[in-house]
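Fold and contact review
Residues per chain, in single letters:
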Amino acid sequence: MSSTPKLEETLRDAIIAKPDAILDDQAVMQALIAADDRSKGDNIIDLRGVAMERLEARLDRLEDTHRSVIEAAYENLSSTNQVHRAILRMLDATEFETFLRDLGGPVASILRVEAITLVLETTQGDHDTGGQHINGTLTLAGPGFVDSYLARGRRGAPRQVSLRAVTEPDPRVYGDKAHDIRSEACMKLDFGPDKLPGLLVMGAAEPTHFAPQQATDILAFFTGVFERTMRRWLS
């Protein structure tokens, strides 16, 4: 009698009937290759098996990369749609008070952030030690506040859009919402010649919602639209 185990007739017939199903099943093929390696013993190196393992590893990496690219593209499209919706809502306002109220309410909700604050520098009043909140969204500050706020933790000229984590949210910017903020997007605003700069700050509760490695193109576009809208109100 042979000691070699035999396949059951029904299983054998099924394999013979559909051999492609075996070849297309990764788990089954891995099990067959492992069984083949065990049958050869420890002293035999199967170069075909080594090559198969390397190909499988490369395939796994390609699948991961493909999945990451798709996820990034989807997130970018989703972010673009959010910004477009926020801009349309922002442009609906016919009065400045409504504009500010929408900015801190519906626009912030569309962008999925906890707070949006508009900081305007002014030479009127005493703002040397901090900001003065108006309507919960607008903050007035003294000259130089914008660049000073943007310069925290980095050197050189401030960027138009800066994304960063926040460990100590500034109450002068966020008011009573400061304790909820863990990351922020800071957008420097240019209102034209002979005008002091402004700052638009979006604060999020998630530490990774805004991160330095993220692209800023769509927020730069939002900043450009916001600047042009504000110039109309400031004129």
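One structure accompanies this document, and this report is about it. Keep in mind the model is a prediction, meaning the values are calculated, not measured.

The next point concerns the packing of aromatic side chains. Considering all chains together, one arrives at six aromatic pairs under this definition. With centroids separated by 5.7 Å and ring planes inclined at 35°, the aromatic side chains of Phe99 and Phe226 adopt a geometry described as tilted. Of this pair, Phe99 sits in helix α5 (residues 96–110) while Phe226 is found in helix α8 (residues 217–234), placing the two residues 127 residues apart along the sequence. With respect to class, Phe99 is no different from Phe226; both count as buried. Ring geometry for Phe222 and Phe226: centres 6.4 Å apart, planes at 25°, overall stacked. Of this pair, Phe222 and Phe226 both sit in helix α8, four residues apart, roughly one helical turn. In this structure Phe222 comes out as buried when scored by relative accessible area, which is 0%. Owing to a relative accessible area of 0%, Phe226 belongs among the buried residues under this scheme. Pairwise contacts between aromatic rings join Phe96, Phe99, Phe222, Phe226 and Trp233 into one cluster.

The subject of this paragraph is the pattern of salt bridges. A full pass over the atoms with the stated rule returns four salt bridges. Salt-bridge contacts for Glu184 lead to Arg164; the nearest nitrogen and oxygen are separated by 2.8 Å. Residue Glu184 is found in strand β5 (residues 183–189), and its partner Arg164 is found in strand β4 (residues 161–165); the two are separated by 20 residues along the sequence. Residue classification places Glu184 among the buried positions, given a relative accessible area of 2%. Arg172 is the salt-bridge partner of Asp170, the closest N and O atoms lying 2.8 Å from each other. With a relative accessible area of 29%, Arg172 lands in the partly exposed category.

On to α5, then. When the terminal C-alpha atoms of α5 are compared, their 20 Å separation across 15 residues agrees well with the 21 Å that a helix rising 1.5 Å per residue should span. A bend of about 45° at Asp102 is the largest found in α5, and the proline Pro106 appears one to four places after it. Listed in full, the buried residues belonging to α5 are Phe99, Leu100, Asp102, Leu103, Val107, Ala108 and Ile110. Directly beyond the C-terminal end of α5, a positive phi value near 60° is found at Arg112.

The subject of this paragraph is unusual backbone geometry. With phi around 60°, Arg112 is a residue other than glycine that occupies positive phi space. Its place among the elements puts Arg112 in the loop between α5 and β1 (115–121). Of the residues examined, Arg112 reaches a relative accessible area of 58% and is grouped as exposed.

So, about the pairing of strand β6 (residues 198–204). Among the seven residues in β6, seven count as buried, and that is most of the element. Where β1 lies against β6, six bridges are found, and the strand directions are antiparallel. Bridging from a neighbouring strand, Leu118 pairs with Leu200 of β6.

Here the focus is the environment of Leu138. Of note, Leu138 is situated in strand β3 (residues 138–141). In this structure Leu138 comes out as buried when scored by relative accessible area, which is 7%.

Definitions and cut-offs
- Residues numbered from 1 in each chain as written.
- Predicted model: local features only at pLDDT ≥ 70, side-chain atom pairs only at ≥ 80, totals over all residues.
- Heavy atoms only, no water.
- Phe/Tyr/Trp six-rings, centres within 6.5 Å; stacked < 30°, edge-to-face > 60°.
- Helix = DSSP H or I, 4+ residues; strand = E, 2+ residues; numbered from the N terminus.
- Buried < 20%, exposed > 50% of the residue type's maximum accessible area, 1.4 Å probe, protein only.
- Salt bridge = Lys/Arg side-chain N within 4 Å of Asp/Glu carboxyl O.
- Expected span 1.5 Å × (residues − 1).
- Bend = angle between axes of the 7 residues up to and from the residue.
- Pairing = 2+ DSSP bridges.

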